[in-house]
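What follows is the residue order along each chain.
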Amino acid sequence: MENLKFKENKLFIIDQTLLPNEEKWVEITNKEQAYNAIKTLMVRGAPAIGIFAGYSMAIFSQNNDIYELKNYLDSSRPTAVNLSWATARIVKAYENGKNLIEEAIAIHNEDIEMCRKISEYALTLLHDGDGILTHCNAGELATSKYGTGLGPLILGKEMGYNFKVFSDETRPLLQGARLTSYELEKAGIDVTLICDNMASFVMKQGKINAVLVGCDRVAANGDTANKIGTSGVAILAEYYGIPFYVLGPYSTIDFNCSNGNDIEIEERDSEEIKNLYFEKSTALKETKCFNPAFDVTDHSLITAIITDKGIVRPPYNINLRKILND
Ligand code: MRU
């Protein structure tokens, strides 16, 4: 399932805010539209944001100062490292006199390869018929192909595995309901949608063999920033003795962050909680809301971090660096 197309120097994305009800492709023609597409989650999911930002930098730096453009796009969403990683890579290519479009295409193609490797590693930890719980959307809509958190399920389907997936709806933006269940249905994968507050009961019933989630930034000690609500799922998994796996490319590890407290957490408009997906407001106008988009899962709750370079197990402060040199 594609979320982005680059054709004849033109950039198109599927507007993910309209899914699953409408599949609408939109052309992005200027930097303001690119910023807005990331900010409003028309394009979302850490790797997909990075790929999109790579193309945006390559195209719109033709008419804009590349350094200002980088700062501008980076400010659209702060938590996922992939955004600033991709824009920095295009700036470096520019400084080295490389072709920027070719660099953006390389970022895109490398992501396909990374997602495939992550999925292959993850499949070594899973069994045909396993019950899987996932949170948010870390599938093809959030990446280039396969996905991270959903990658082993999508690749596994191609290879004949049958998983039973439970998708948390993921309040308040409902990526689990709107995107994950849509994407898995389309891939022919058995998926059951649950509200976020049902995860404990489903685990208690013995329906879950593993939790798989994507991630937006990994600190040097293995703390991970994930979609809001993920840390609660990790605490439940620990309680029920279910393996909790975080999946993401090696480039998601940010050694500049020593632990999760160093990761900037995006806070979004409170209207998303009360109004965005409801016909009528669910609370009074004056009711205060707190709407952090991500939370930090403590490394002690993570069974393994599955990257394109291999499966990393605790102690993360040693093994995350070690895998780079292996
Ligand atoms: O706010 P979103 O929809 O961009 O958040 C997405 C997630 O949290 C994903 O799980 C994460 O980016 C990993 S994507 C493979």
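It should be noted that the structure appears before, not after, this text.
Now for a description of the structure that goes with this document.

Here is what the cut-offs are and how they apply
- Residues numbered from 1 in each chain as written.
- Predicted model: local features only at pLDDT ≥ 70, side-chain atom pairs only at ≥ 80, totals over all residues.
- Heavy atoms only, no water.
- Near = heavy atom within 4 Å.
- Polar contact = N/O pair within 3.5 Å; in protein donor to acceptor, adjacent residues only side chain to side chain.
- 1 Å grid on protein atoms, 1.4 Å probe; cavity = no way out; pocket = protein on both sides within 12 Å on 5 of 7 lines; lining within 4 Å.
- Sits in = over half its atoms within 2 Å of the grid points.
- Nonpolar A, V, L, I, M, F, W, Y, C, P; charged D, E, K, R; others polar.
- Phe/Tyr/Trp six-rings, centres within 6.5 Å; stacked < 30°, edge-to-face > 60°.
- Helix = DSSP H or I, 4+ residues; strand = E, 2+ residues; numbered from the N terminus.
- Buried < 20%, exposed > 50% of the residue type's maximum accessible area, 1.4 Å probe, protein only.
- Lys NZ or Arg CZ within 6 Å of the ring centre and 35° of its normal.
- Pairing = 2+ DSSP bridges.

Comments concerning the site of the ligand
Turning to step 1, where the next piece is worked out: Among the 17 residues in the neighbourhood of the ligand, the closest are listed as R44, A46, R77, D216 and K227.
Turning to step 2, where the next piece is worked out: Contact between the ligand and R44: an oxygen atom at 2.8 Å from a side-chain N or O atom of the residue.
Turning to step 3, where the next piece is worked out: The contact in question runs from an oxygen atom of the ligand to an N or O atom on the side chain of K227, over 2.7 Å.
Turning to step 4, where the next piece is worked out: Judged by its atoms lying within 2 Å of the grid points, the ligand is housed in the largest cavity.
Turning to step 5, where the next piece is worked out: Residues that form the shell around the ligand fall into these classes: seven nonpolar, six polar and four charged.

Some words on the packing of aromatic side chains
Turning to step 1, where the next piece is worked out: A full pass over the atoms with the stated rule returns five aromatic pairs.
Turning to step 2, where the next piece is worked out: Ring centres of F6 and Y55 lie 4.8 Å apart, and the angle between their planes is 25°; on these two criteria the pair is classed as stacked. Placement of the pair is F6 in strand β1 (residues 4-7) and Y55 in helix α2 (residues 46-60), with a sequence separation of 49 residues.
Turning to step 3, where the next piece is worked out: Judged by relative accessible area, F6 falls into the partly exposed class, the value being 21%.
Turning to step 4, where the next piece is worked out: Between the aromatic rings of Y35 and Y72, the centroid separation amounts to 4.7 Å while the plane-to-plane angle is 20°, which identifies the pairing as stacked. Pair noted here: Y35 is in helix α1 (residues 31-39) and Y72 is in helix α3 (residues 66-74), with a separation of 37 residues, a long-range link.
Turning to step 5, where the next piece is worked out: Residue class for Y72 comes out partly exposed when judged on its relative accessible area of 26%.
Turning to step 6, where the next piece is worked out: One cation-aromatic arrangement involves K227 over F294; the distance from NZ or CZ to the ring centre is 4.2 Å.
Turning to step 7, where the next piece is worked out: When the ring centre of Y250 is taken as origin, the NZ or CZ atom of K309, which lies over that ring, is 5.7 Å away.

Side note on the sheet that holds strand β9 (residues 224-227)
Turning to step 1, where the next piece is worked out: What the four strands build is an open sheet, ordered β11-β8-β9-β12; its pairing is mixed. Looking at which strands have only one partner, the edges of the open sheet turn out to be β11 (253-254) and β12 (294-297).
Turning to step 2, where the next piece is worked out: As judged from the two bridges shared by strand β8 (residues 217-219) and β9, these two strands associate in the antiparallel manner. Among the inter-strand pairings, R217 is bridged to a residue of β9, identified as A225.

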